[in-house]
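Next come the chains, spelled out residue by residue.
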Amino acid sequence: MSQPLRLGIAGLGTVGAGVVKIVRQKAALLTERSGREITITAVSARTRDKDRGVNLSHYAWEDDPVALATRDDVDVFVELMGGSDGPAKAAVEAALKAGKDVVTANKAMLAHHGQMLAELAEANGAVLRFEAAVAGGIPVIKALTEGLAGNDIQRVMGVMNGTCNYILTRMEDGGLTYEEAFAEADGLGYLEADPTLDVGGIDAGHKLSLLAAIAFGCKVDFDAVELEGIGKVAIDDIRQAADMGYRIKLLGVARMTGRGLEQTMTPCLVPAASPLGQLVGGTNMVVIEGDQVGQIVMRGAGAGEGPTASAVMGDVMDVARGLRVSTFGQAASSLKTCVPARSATPAPYYLRMALIDKPGALAKIATALGDSGVSINRMRQYDHVADAAPVLIVTHKTTRAALEAALEAMTATGVMVTEPVALRIENV
Ligand code: HSE
């Protein structure tokens, strides 16, 4: 049998403890499947004296993750500390420079430094794998880099922040306001230490930028992701979108267009009956469309000890088996610098507005839309609220430029009581 594969694990939070448990409890299974014993040599974390529910006494302790990453008796450095820079990046760089393979769950680090780290890995004959960084337990990186490698990828979509999906679900099924649903998620411990990473769409945007790099052979470009969080989603929109047969999701969409690479992570409407529309609670879903395979839908837990540790171990097992796939599925030097494109693919839009209650008000809105080349598909007016008439319009497919012209013309009519809400409807 081959030599054991020796892990050094930095970061012993929920995921790190989960990885230790799998290595200890499933030792025989892992060896049978990989043909090698998987062992842990040394570990590192911010605090040593803490009960993590696992026995760490068999492993050497390092206070400094860089020292751990470069130990002679570590073959694979497992980085589970988090943070885009600082100790995590320093330790990963040190490990790669020392020729160690690296497995990480760190989406922020890869979204900001993925290209540099992929180049560093290749220059040193090491692999850098990150299944656990995107959509937790869903093996989407493996699906894209391996199973779908014979496809031209046409579109990648995903609900990849469980916290946001939980909040939006509770607004719909519990009738909670955004603030109430946020407080509930907080009470359940769902929110990141910096909640804007979740509700601002940043965490999900990091993940989308990593999927887009693999899908379209581009250098990771997180800064080009059009980001909008869920903080402005109103309970009225949740209710009225539902009334029109839709659900609102924080949806990531990446696609290559003639103008360049579109990457958006924004609240969108999706048909309530679609797989994405049916995704409720804290679960994740990734949808991939390839020219040969058609549409693939993957659903599962996007966070938590077991699912994330499962993804980490998938990468560890690849290394143990000698499977050495490039970080983004192709040589780092061959990844293109893709032109970022503002999202402009024609789409239907949902418009919610409150109009003054005067004859001809609605006609003015219809004229503003028509004059801008935006065609109305469906329209609904509700009972007056405080002298204003709530109106919903679903347009036919239109360009964003035409929609923006229409919104300007609608505002100029003077019949709108408040700013209109416009949300894209993604055809899924
Ligand atoms: N905070 C994330 C979520 C999990 O709610 O999905 C880690 O990326």
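Residues numbered from 1 in each chain as written. Predicted model: local features only at pLDDT ≥ 70, side-chain atom pairs only at ≥ 80, totals over all residues. Heavy atoms only, no water.

**Quick word on the domain arrangement of the protein**
Along its sequence, the protein is organised into domain 1 (5–133), domain 2 (143–301) and domain 3 (349–425). A C-alpha centroid distance of 28 Å is found between domain 1 and domain 2. Contacts between the two partners involve 10 residues from domain 1 and, on the opposite side, 10 residues from domain 2. Contact between domain 1 and domain 2 buries roughly 840 Å² in total, counting both sides, with carbon and sulfur atoms accounting for 67%. (Domains from an automatic or database assignment. Contact = heavy atoms within 4.5 Å. Buried area = accessible area lost by both parts, 1.4 Å probe.)

**Topic: the sheet that holds strand β9 (residues 246–257)**
One open sheet accounts for 6 strands, arranged β8-β10-β9-β7-β11-β12; its pairing is mixed. Sheet topology places β8 (226–227) and β12 (294–301) at the edges, where each strand pairs with a single neighbour. Across the sheet, helix α10 (residues 202–216) lies against β7 (153–159), β8, β9, β10 (260–271) and β11 (283–290), angled at about 125° from β10, the strand it touches most. (Pairing = 2+ DSSP bridges. Helix = DSSP H or I, 4+ residues; strand = E, 2+ residues; numbered from the N terminus. Axes fitted to C-alpha atoms, helices over the stretch in contact; angles between N-to-C directions.)

**Brief notes about the packing of helix α5 (residues 107–123) against α10**
Viewed as axis vectors pointing N to C, α5 and α10 meet at an angle of 50°, and their least axial separation amounts to 9 Å. Regarding the angle of α5 to α10, the classification is oblique. The two elements α5 and α10 meet at a crossing, and its hand is left-handed. Of the residues in α10, those touching α5 at Lys 107, Ala 108, Leu 110, Ala 111 and His 112 are Asp 203, His 206, Lys 207, Ser 209 and Leu 210. Partitioned by chemical class, the residues of the contact of α5 with α10 number 4 nonpolar, 3 polar and 3 charged. (Parallel < 35°, antiparallel > 145°, perpendicular 65-115°, else oblique. Left-handed = near helix turned anticlockwise from the far one by under 90°. Nonpolar A, V, L, I, M, F, W, Y, C, P; charged D, E, K, R; others polar.)

**Here's the deal with the environment of Asp 63**
If you trace the backbone, Asp 63 turns up in the loop between β3 (60–61) and α3 (65–69). If we ignore the near neighbours within four places in the chain, the residues touching Asp 63 are Ser 44 and Ala 45.

**Focus: the sheet that holds strand β16 (residues 421–424)**
Reading across the sheet, the 4 strands line up as β14-β15-β13-β16 and stay open at both edges, with antiparallel pairing between neighbours. Whereas interior strands pair on both sides, the edge strands pair on one side only; in this sheet they are β14 (376–381) and β16. The mean angle between the axes of side-by-side strands here comes to 20°, regardless of whether they run parallel or antiparallel. Bridging between strand β13 (residues 349–356) and strand β15 (residues 388–395) involves 7 bridges; their strand directions are antiparallel. Across the sheet, residue Tyr 350 finds its bridge partner in β15, namely Val 394. Along the sheet, helix α11 (residues 235–243) contacts β13, β14, β15 and β16; its crossing angle with β13, the most-contacted strand, is approximately 115°.

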